[in-house]
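Coordinate analysis (summary)
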Amino acid sequence: RTRSGRRSAERELTKLLAARARAARASSGPGGPWAIPWAIVQCESGGQNLPPNHAGASGYYQFMQATWRGLGGSTPHAYQASKAEQDRLAAKLWAGGAGRHNWVCADLV
């Protein structure tokens, strides 16, 4: 009975982990589509175009000012640019997931 219960719990855990992975890969959400998974955007900015925070990150994707400049942002801060420009530069930084380390929330969601 214990083994059967464990197998059942393991199957359920596998299903839940797969669902979480699918949700993390999804890039649609309110105000989207988004250049990176919605769950990360939600964690970083709540989908809001925010002015610089205490660390200097701003915009929908919470770009640090130096990163924004390095990617060729057209404004001093990300939040001053259009969503389209922020999307384009976030996609460039995300690079299909290779750049996930640039977002603290990527490891949390």
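In the block above lies the structure referred to throughout.
Described below are features of the structure shown in this document. (Residues numbered from 1 in each chain as written. Predicted model: local features only at pLDDT ≥ 70, side-chain atom pairs only at ≥ 80, totals over all residues. Heavy atoms only, no water.)

Residues V104, L108 and V109 make up a contiguous nonpolar surface patch of about 300 Å² in total accessible area. Counting through the fold element by element, V109 comes out in the segment after α4 (83-94). On the basis of relative accessibility, which here comes to 32%, the residue V109 falls in the partly exposed class. (Patch = residues over 30% accessible without salt bridge, like charges linked within 9 Å, V, L, I, M, F, W, Y side chains within 5 Å. Areas by Shrake-Rupley, 256 points an atom, 1.4 Å probe, with all protein chains shown as cover. Salt bridge = Lys/Arg side-chain N within 4 Å of Asp/Glu carboxyl O. Helix = DSSP H or I, 4+ residues; strand = E, 2+ residues; numbered from the N terminus. Buried < 20%, exposed > 50% of the residue type's maximum accessible area, 1.4 Å probe, protein only.)

All chains considered together, the criterion is met by six aromatic pairs. With centroids separated by 5.6 Å and ring planes inclined at 35°, the aromatic side chains of W34 and W38 adopt a geometry described as tilted. Using a relative accessible area of 16% as the deciding quantity, one classes W38 as buried. Ring centres 5.0 Å apart and planes at 55° place the aromatic pair F63 and W68 in the tilted group. Neither residue differs from the other here; F63 and W68 are each classed as buried. Put simply, the rings of W34, W38, Y60, Y61, F63 and W68 touch in pairs and so form one group of aromatic residues. Here the guanidinium or amino end of K83 rests over the ring plane of W34, the centre of that ring lying 4.2 Å away. (Phe/Tyr/Trp six-rings, centres within 6.5 Å; stacked < 30°, edge-to-face > 60°. Lys NZ or Arg CZ within 6 Å of the ring centre and 35° of its normal.)

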